[in-house]
Amino acid sequence: MANSVVIVGRVGQDPEMKYYDSGKIRTTFSVAVNRWDSRTKEQVTDWFNIEVWDKQAEIAGEWVKKGSLVGIEGRVASSKWQTPEGEMAERFLIRCTNLRLMNSKKDEAQGIA
């Protein structure tokens, strides 16, 4: 069995960085990936929540901006928590193991890092 994901898309919002007392760093952001739906004959956008840790989290926090084109390699992970109402909630995300900045010179000229 394998749990491996590769996506290329545009960042939906500026990343959020969180520093932990242990020295770890986590950066989160979302990525939009367009695909063609042959059934509806339209382009569809899928959104993925991304979580990056440690050194790559620092790089993401400094260089990734809303609109940036990024390549993400990682694995699907789930995050579980208890809501204020006492119910269990869960969401799925991609835990990034390799972040690639893929902007063009045109993107950089327009202020998209």
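For the structure itself, consult the block above.
Residues numbered from 1 in each chain as written. Predicted model: local features only at pLDDT ≥ 70, side-chain atom pairs only at ≥ 80, totals over all residues. Heavy atoms only, no water.

1. Regarding the pairing of strand β1 (residues 5-11)
Note that β1 and strand β5 (residues 69-82) share six bridges and pair antiparallel. Bridge pairing in β5 links R10 to L69. Examined bridge by bridge, β1 and strand β3 (residues 25-37) share two bridges and lie antiparallel to one another. What sits directly across from R10, in β3, is A32. (Pairing = 2+ DSSP bridges. Helix = DSSP H or I, 4+ residues; strand = E, 2+ residues; numbered from the N terminus.)

2. With respect to the pattern of salt bridges
If charged atoms from side chains of opposite charge come close, those side chains can pair. Considering all chains together, one arrives at five salt bridges under this definition. As a salt-bridge pair, E51 and R26 come within 3.9 Å of each other at their nearest N and O atoms. Of this pair, E51 sits in strand β4 (residues 42-53) while R26 sits in strand β3, and the two are 25 residues apart along the sequence. For E51, a relative accessible area of 6% translates into the label buried. (Salt bridge = Lys/Arg side-chain N within 4 Å of Asp/Glu carboxyl O. Buried < 20%, exposed > 50% of the residue type's maximum accessible area, 1.4 Å probe, protein only.)

3. So, the nonpolar core
I7, F29, V31, I50, V70, I72 and L99 are the most contacted members of the largest nonpolar core, which totals 17 residues. With four residues, the single largest contributor to this core is β3. Excluding anything up to four places from it in sequence, V70 contacts I7, V8, G9, V11, V31, V64, L99, R100, L101 and M102. (Core = buried A, V, L, I, M, F, W, Y, C linked by side-chain atoms within 4.5 Å. Contact = heavy atoms within 4.5 Å.)

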